[in-house]
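Structural overview for review
Residues per chain are reported as follows:
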Amino acid sequence: MMKMVITGPTGAIGMALIQLCIDKQIEVLAICRKSSPGLAYMPQDPLLHIIEADLDEYATLELPGQYDVFYHFAWASTIGESRNDVYTQNQNVTYTLDAVRLAKRLGCHTFIGAGSQAEYGRSGMPLTPLTPVFPETGYGVAKLCAGQLSRILCEQLQIKHIWTRILSVYGPYDDERTMVISTIKKMLSQEVLLFTQGEQMWDFLYSVDAANILYQLSINGKNLKTYCVGSGECRKLKTFIEEMHEVIAPEQKPVFGAIPYGKNQVMHLVADLVELEQDIGQITFTPFALGIRETMEDVIRRFDTIEKGV
């Protein structure tokens, strides 16, 4: 039975992956940022071992035990203007390489890194591993660099390397600043719902489905390959928002066109899953309405400012 290491485990994907591993009776070492608020929500299970360590400690971190697969999700400054903090993003690249060396010290044979659609920049076509990359943010540049340099280091250390470019994931335990979580909170609190025109063609992936894909990659993913991870379903962002309001607050009407598009707005984001499914098999996806309902229940649990009867 495999034993897993997960850095940055308190987010939507990490928490879903931990639960999947526990369900499969897989031992997990979760390396969490010190004093992370997410520590309060970690499952209580004998299969889960929690270590608190910041990114700048990975280079010298010595831990007992031997593991098999190392998932690296930890990353500083992922939302808002901090994505263009070039010094912090550059440090993230170094931390990724430190994570590879930590994986080696722990005996891991496979390193799976969490990249991003931001590595592509703007593209009008479905994203594949061969789609040209042109990142337009410091975050995207750093993710691209981290993927390429960690591949080289993994080759040098004789560790299997898999890089994933993950699209828009939503689900329980996600950051409250994301579009989905912040919108759910506004709907539950009966706030005015203002959006852009919502014409972006978008791909949303439920965190439980993302975790399943990442788990399958640990078994069937190919060495030195990059995989686009999304749902493959592409439709207007406006329709996703309308579906959210039907599930959560049907009496409220979103106002589209009240907010301008941001600079360098990505207008087309969808994953081409042909190569992913070729390697790991056909993927079953959670319907968006069901994923939103389960995410809403998590928001109500986590944010006690929202009335539970809403």
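That block above? That's the structure.
Since this is a predicted model, take the numbers as computed values, not measurements. (Residues numbered from 1 in each chain as written. Predicted model: local features only at pLDDT ≥ 70, side-chain atom pairs only at ≥ 80, totals over all residues. Heavy atoms only, no water.)

Observations regarding the pairing of strand S4 (residues 69-72)
In S4, alternate side chains face the same way, and those of Val69 and Tyr71 on one face and Phe70 and His72 on the other are all buried. With 4 bridges joining them, strand S1 (residues 3-7) and S4 adopt parallel strand pairing. Of the residues in S4, the one forming a bridge with Val5 is Phe70. The pairing of S4 with strand S5 (residues 110-116) spans 4 bridges and is classified as parallel. From the neighbouring strand, His72 faces S5, where its bridge partner is Gly113. (Buried < 20%, exposed > 50% of the residue type's maximum accessible area, 1.4 Å probe, protein only. Helix = DSSP H or I, 4+ residues; strand = E, 2+ residues; numbered from the N terminus. Pairing = 2+ DSSP bridges.)

Comments concerning the packing of helix H2 (residues 86-105) against helix H3 (residues 138-157)
Two elements in contact, H2 and H3, have axes whose closest approach is 9 Å; the angle formed by their N-to-C orientations is 25 degrees. Comparing the axis directions of H2 and H3 gives the class roughly parallel. In this structure, H2 meets H3 at a crossing whose hand is right-handed. Between H2, through Gln89, Val93, Thr96, Leu97, Val100, Arg101 and Lys104, and H3, the contact on the second element is made entirely by Gly138, Tyr139, Ala142, Cys145, Ala146, Leu149, Ser150, Leu153, Cys154 and Leu157. The class makeup of the residues in the contact of H2 with H3 is 11 nonpolar, 4 polar and 2 charged. (Axes fitted to C-alpha atoms, helices over the stretch in contact; angles between N-to-C directions. Parallel < 35°, antiparallel > 145°, perpendicular 65-115°, else oblique. Left-handed = near helix turned anticlockwise from the far one by under 90°. Contact = heavy atoms within 4.5 Å. Nonpolar A, V, L, I, M, F, W, Y, C, P; charged D, E, K, R; others polar.)

A few points about unusual backbone geometry
Located in the positive-phi region is Gln158, a residue other than glycine, with phi close to 60 degrees. In this fold, Gln158 is placed in the loop between H3 and strand S6 (160-166). For Gln190, which is not glycine, the phi dihedral falls at a positive 60 degrees. Tracing the chain through its elements places Gln190 in the loop between helix H4 (179-188) and strand S8 (194-195). Classification of Gln190 by relative accessible area gives exposed; the value is 57%.

Here's the deal with the nonpolar core
The nonpolar side chains of a soluble globular protein tend to be buried, and buried together. With 69 residues, the main nonpolar core has Met4, Tyr71 and Ile248 as its most contacted residues. Among the elements that make up this core, the one with the highest residue count is helix H1 (residues 12-23) (8 residues). Sequence-distant contacts of Ile248, that is, excluding residues within four places in its chain, are made with Ile184, Met187, Leu188, Ile292 and Met296. Judged by nonpolar contacts, the second largest core, of 23 residues, contains Leu29, Ala53, Leu157 and Ile159. (Core = buried A, V, L, I, M, F, W, Y, C linked by side-chain atoms within 4.5 Å.)

Structural notes on helix H6 (residues 237-248)
Look at H6: 17 Å from first C-alpha to last across 12 residues, which is about the 16 Å you get at 1.5 Å a residue. Every buried residue of H6 is accounted for by Leu237, Phe240, Ile241, Met244, His245, Val247 and Ile248. On an axial view of H6, the arc spanned by its buried residues comes to 160 degrees, and they lie on one face. (Expected span 1.5 Å × (residues − 1). Arc of directions from axis to C-beta.)

Brief notes about the packing of aromatic side chains
Evaluated as defined, the whole model comprises 11 aromatic pairs. A centroid spacing of 6.0 Å and a plane angle of 50 degrees characterise the contact between Tyr41 and Tyr173, whose relative ring orientation is tilted. Taken together, the residues Tyr41 in the loop between strand S2 (27-32) and strand S3 (48-52) and Tyr173 in the loop between strand S7 (168-170) and H4 connect sequence positions 132 residues apart. With centroids separated by 6.2 Å and ring planes inclined at 85 degrees, the aromatic side chains of Trp75 and Tyr139 adopt a geometry described as edge-to-face. With Trp75 in the loop between S4 and H2 and Tyr139 in helix H3, this pair connects stretches of sequence that are 64 residues apart. A relative accessible area of 12% places Trp75 in the buried class. (Phe/Tyr/Trp six-rings, centres within 6.5 Å; stacked < 30°, edge-to-face > 60°.)

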